[in-house]
Amino acid sequence: MSNSFDVLWLNASPVLKRFDKPLLEYLSRYKRIAQWQYQQTKDEASSIDQAVELLYDFLKWGDRPVHLAGHGMSGAIALTFARRFPKKVRSLTLLAVAAQPANNWHAHYYFQRQLFSISRELVLASSVRSLFGNQPPHTTKKLVAALDKDLEQSPSSHSLFKLVYLPKGGVSMPMMVCGSKSDPVVNPTALHDWLNWLKPEDKLWECPEGYHFFHYFYPQQVSEQILSFWERHNLHLLETSALSFSSSTN
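About the cut-offs
- Every chain is numbered on its own, with residues counted from 1 as its sequence reads.
- Only residues with pLDDT of at least 70 are given local features in this predicted model, and only at 80 or more are side-chain atom pairs given and counted; all residues enter the totals for whole chains, interfaces and linings.
- Excluded from the side-chain calculation are hydrogens and water; included are all heavy atoms of the structure.
- Strands are runs of DSSP state E lasting at least two residues, helices are runs of H or I lasting at least four, and both sets are numbered from the N terminus onward.
- For every residue, the accessible area (1.4 Å probe, protein chains only) is compared with the maximum for its type, and the residue is labelled buried under 20%, exposed over 50%, or partly exposed between those bounds.
- By the convention used here, residues are in contact when the closest approach between their heavy atoms is within 4.5 Å.
- Values of accessible area rely on a 1.4 Å probe in the Shrake-Rupley scheme; residue burial ignores everything except the protein chains shown.
- What is meant by a nonpolar core is a set of buried Ala, Val, Leu, Ile, Met, Phe, Trp, Tyr and Cys residues, joined one to another through side-chain atoms within 4.5 Å.
- For each structure, a 1 Å grid was placed over the protein atoms alone; sets of points admitting a 1.4 Å probe that cannot get out are labelled cavities, open sets with protein on both sides within 12 Å along at least five of seven lines are labelled pockets, and lining residues have an atom within 4 Å of a point.
- Grid points are joined across faces, edges and corners, and a volume is the space filled by probe spheres set on the points.
- Each residue receives one of three labels: charged for Asp, Glu, Lys and Arg, nonpolar for Ala, Val, Leu, Ile, Met, Phe, Trp, Tyr, Cys and Pro, and polar for the others, Gly being one of them.
- By arc we mean the arc of the directions from the helix axis to the C-beta atoms, nothing more.
- Paired strands are those between which DSSP finds at least two bridges.
- Angles here are taken between N-to-C directions and fall from 0 to 180 degrees, while the axes themselves are lines fitted to C-alpha atoms, restricted in helices to the stretch in contact.
- Relative orientations are named as follows: roughly parallel for angles under 35 degrees, roughly antiparallel for angles over 145 degrees, roughly perpendicular for angles from 65 to 115 degrees, and oblique for any other angle.

Caption draft 1: Geometry of the overall build of the protein chain. Across its full length, the protein chain holds nine helices and six strands. In the protein chain, buried positions account for 49% of the 250 residues. Intrachain contacts of the protein chain at a sequence separation of at least 6 include 77% that bridge at least 24 residues. Counting only carbon and sulfur atoms, one obtains 54% of the accessible surface of the protein chain, whose full area is about 12,300 Å².

Caption draft 2: Spatial organisation of the nonpolar core. One finds Leu-8, Leu-92, Trp-105 and Trp-194 to be the most contacted residues of the largest nonpolar core, which totals 73 residues. Looking at this core element by element, the count peaks at seven residues for helix H3 (residues 73-84). Dropping the residues within four chain positions of it, Leu-92 is found in contact with Leu-68, Ala-78, Leu-79, Ala-82, Val-171, Met-173, Pro-174, Met-175, Met-176 and Phe-229.

Caption draft 3: Examining the layout of surface pockets more closely. Roughly 230 Å³ of volume is contained in the largest pocket. Lining the largest pocket are 16 residues, with Ile-48, Asp-49, Thr-80, Leu-166 and Pro-167 positioned closest to its centre. No other element matches the four residues that H3 contributes to the lining of the largest pocket. Looking at the lining of the largest pocket, its residues break down into seven nonpolar, six polar and three charged.

Caption draft 4: Spatial organisation of helix H2 (residues 49-59). All of the buried residues along H2 are Ala-51, Val-52, Leu-55 and Leu-59. All buried residues of H2 fall inside an arc of 100° around its axis, so they share one side. On the buried face of H2, the contacting elements are strand S1 (7-11), strand S2 (33-37), strand S3 (66-71) and H3.

Caption draft 5: Layout of the environment of Ile-77. As for its placement among the helices and strands, Ile-77 is situated in helix H3. Placed 28 residues apart in sequence, Ile-77 and Asp-49 show a C-alpha to C-alpha distance of 8.2 Å. Those residues in contact with Ile-77 that sit more than four places away from it in its chain are Leu-10, Ala-12, Ile-48, Ala-51, Val-52 and Pro-155.

Caption draft 6: The sheet that holds S3, seen in detail. Taken in spatial order, the six strands line up as S2-S1-S3-S4-S5-S6 in an open sheet, and their pairing is parallel. On the outer flanks of this sheet lie S2 and strand S6 (203-207), each paired with one strand and no other. Taken over all neighbouring pairs, the strand axes of this sheet differ in orientation by 20° on average, direction set aside. Relative to S3, S1 runs parallel, the two sharing four bridges. Looking at the pairing, Leu-10 lines up with Gly-70 of S3.

Caption draft 7: Spatial organisation of the packing of helix H5 (residues 120-132) against helix H6 (residues 137-153). Contact geometry of H5 with H6 gives a least axis separation of 9 Å together with a crossing angle of 105°. Taken together, the axes of H5 and H6 lie roughly perpendicular to each other. Contacts from Arg-120, Leu-124, Ala-125, Ser-127, Val-128, Leu-131 and Phe-132 in H5 reach Thr-140, Leu-143, Val-144, Leu-147, Asp-148 and Leu-151 in H6. Across the contact of H5 with H6, the residue classes break down as nine nonpolar, two polar and two charged.

Caption draft 8: Structural view of empty space enclosed by the protein. Overall, the coordinates contain two cavities of 30 Å³ or more when judged by the stated rule. Here the largest cavity defines a volume of roughly 160 Å³. Surrounding the largest cavity, 17 residues form its lining, Ser-13, Leu-16, His-71, Gly-72 and Met-73 being those nearest its centre. Those elements that place two or more of their residues in the lining of the largest cavity are S1, H3 and helix H4 (105-115). Looking at the lining of the largest cavity element by element, the count peaks at three residues for S1. Here the residues of the lining of the largest cavity are counted per class, giving six nonpolar, eight polar and three charged. By volume, the second largest cavity amounts to about 30 Å³. Residue lining of the second largest cavity: Asn-3, Leu-59, Gly-62, Arg-64, Pro-65, Val-66 and Lys-88, and that is the complete set. When the residues that make up the lining of the second largest cavity are grouped by side-chain class, the tally is three nonpolar, two polar and two charged.

Written out as structure tokens, the structure is:
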């Protein structure tokens, strides 16, 4: 099977995929982008392993590696896949993914539920402010409903009983990590922890604002940074290929 796309964007949060749309619309002007979606059923155990295996089934017949990208939990799935199947990934782009990949908005939600004796609804309303900033009451109500559904549909292993952790570390292919300086979930400290794992060809970039869904509020700015990373990676591949060809002919 020949790949009909250059970039594969992962989405494991169907109810939140609307916040990816502005970024993908901008990127699609310059790259062939496909979207891969995963929705956990109510009978499945909460784990990203099933998503990773299904993603491999989708990509295993491709004739070349792809640029893999995702936000939040979807980015954690992309990271896990890239570590298990590096030959399938040309580069990895993570948005709002901490160096501890399980440190997502679900973890913050359950941590608050454990720490404070307040209701699910109040914690979700607080989460809306953290993830999106202050919003009008009618918008907040809709976002609370969306986050409530995401807790059920997203393949997160966090619960009121315990918070889980995923392995820390980098990947073998070029990687870009994007975050926001105003994101209280993947805050600057959590984002900068990636510096312990980045290679010379990797890139860490922070959006000045935009909270957790900064790519929704600033799609052009984020897109330009990602496109620049992909282009730099493509030039590096061309230079490496040229050097290899020169060496083989001498």
